[in-house]
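Observations on the model geometry
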Amino acid sequence: MRVVIQRSKDSYVSVDGKNTGSINSGMVILVGFTSGDNESVIDKMINKILKLRIFDDLNGVMNLDITQVNGEILSISQFTLYANTKKGNRPSYIDALNGEEAIELYELFNKKLSEYVHVETGIFGADMDVHIRNDGPVTIMMEINNE
């Protein structure tokens, strides 16, 4: 499982001109899955996300996690996180989990994450317009494998 996390002042996603999810202060999380990902991997990733100290404390030091700042999450499915660009100029997505399995994991990820913070989403597999106002900018990439 791979995620790209961007600290956000406010962000939203729309499909066909209609807003499907929006947040104020918090994180935009681009989420991708690969073969072998499962509920255990999701649980580990959620634990890392919730404890990730990327929000400023009173001294302007990134020392607070999303729960401490009452942040929100905009979760966007992103199979292209598993693009392989080693050969040629056209990315291969062979490492990305197929849509049928990935949507189940994506929905489980969002459901579990929403037990701790408010989560908004895009629409899995849709052509989305994602508007991110990156705060900082702060962008973190994380990966957890089923080991």
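Just above sits the structure.
Attention in this report is confined to the structure presented alongside it.

Reading the values: rules and limits
- Residues numbered from 1 in each chain as written.
- Predicted model: local features only at pLDDT ≥ 70, side-chain atom pairs only at ≥ 80, totals over all residues.
- Heavy atoms only, no water.
- Helix = DSSP H or I, 4+ residues; strand = E, 2+ residues; numbered from the N terminus.
- Expected span 1.5 Å × (residues − 1).
- Buried < 20%, exposed > 50% of the residue type's maximum accessible area, 1.4 Å probe, protein only.
- Arc of directions from axis to C-beta.
- Contact = heavy atoms within 4.5 Å.
- Polar contact = N/O pair within 3.5 Å; in protein donor to acceptor, adjacent residues only side chain to side chain.
- Pairing = 2+ DSSP bridges.
- Right-handed = clockwise from strand over helix to strand, strands pointing away.
- Axes fitted to C-alpha atoms, helices over the stretch in contact; angles between N-to-C directions.
- Parallel < 35°, antiparallel > 145°, perpendicular 65-115°, else oblique.
- Left-handed = near helix turned anticlockwise from the far one by under 90°.
- Nonpolar A, V, L, I, M, F, W, Y, C, P; charged D, E, K, R; others polar.

1. Brief notes about helix α1 (residues 39-51)
- For α1, which comprises 13 residues, the first-to-last C-alpha distance of 18 Å matches the rise-based estimate of 18 Å (1.5 Å per residue) to within 8%.
- Among the residues making up α1, those that are buried are V41, I42, M45, I46, I49 and L50. Angularly, the buried residues of α1 cover 160° about the axis, an arc narrow enough to put them on a single face.
- On its buried face, α1 is in contact with β1 (2-15), β3 (26-32), β6 (72-77), α2 (99-113) and β8 (129-143).
- The N-capping residue of α1, defined by a side-chain oxygen 3.0 Å from the backbone nitrogen of S40, is N38.

2. Some words on the pairing of strand β7 (residues 118-121)
- Bridge count between β6 and β7: four bridges; the pairing is parallel. Looking at the pairing, S75 lines up with T121 of β7.
- Once you follow β6 into α2 and on to β7, the crossover reads as right-handed.

3. Observations concerning the packing of α1 against α2
- Remark: α1 packs on α2, axes separated minimally by 10 Å, with the N-to-C direction vectors making an angle of 40°. Overall, the two elements α1 and α2 adopt an arrangement that is oblique. Viewed along their axes, α1 and α2 form a crossing whose handedness is right-handed. Where α1 abuts α2, its residues E39, I42, D43, M45, I46, I49 and L50 lie against L105, L108, F109, K112 and L113.
- Its residues assigned to classes, the contact of α1 with α2 comprises nine nonpolar, no polar and three charged.

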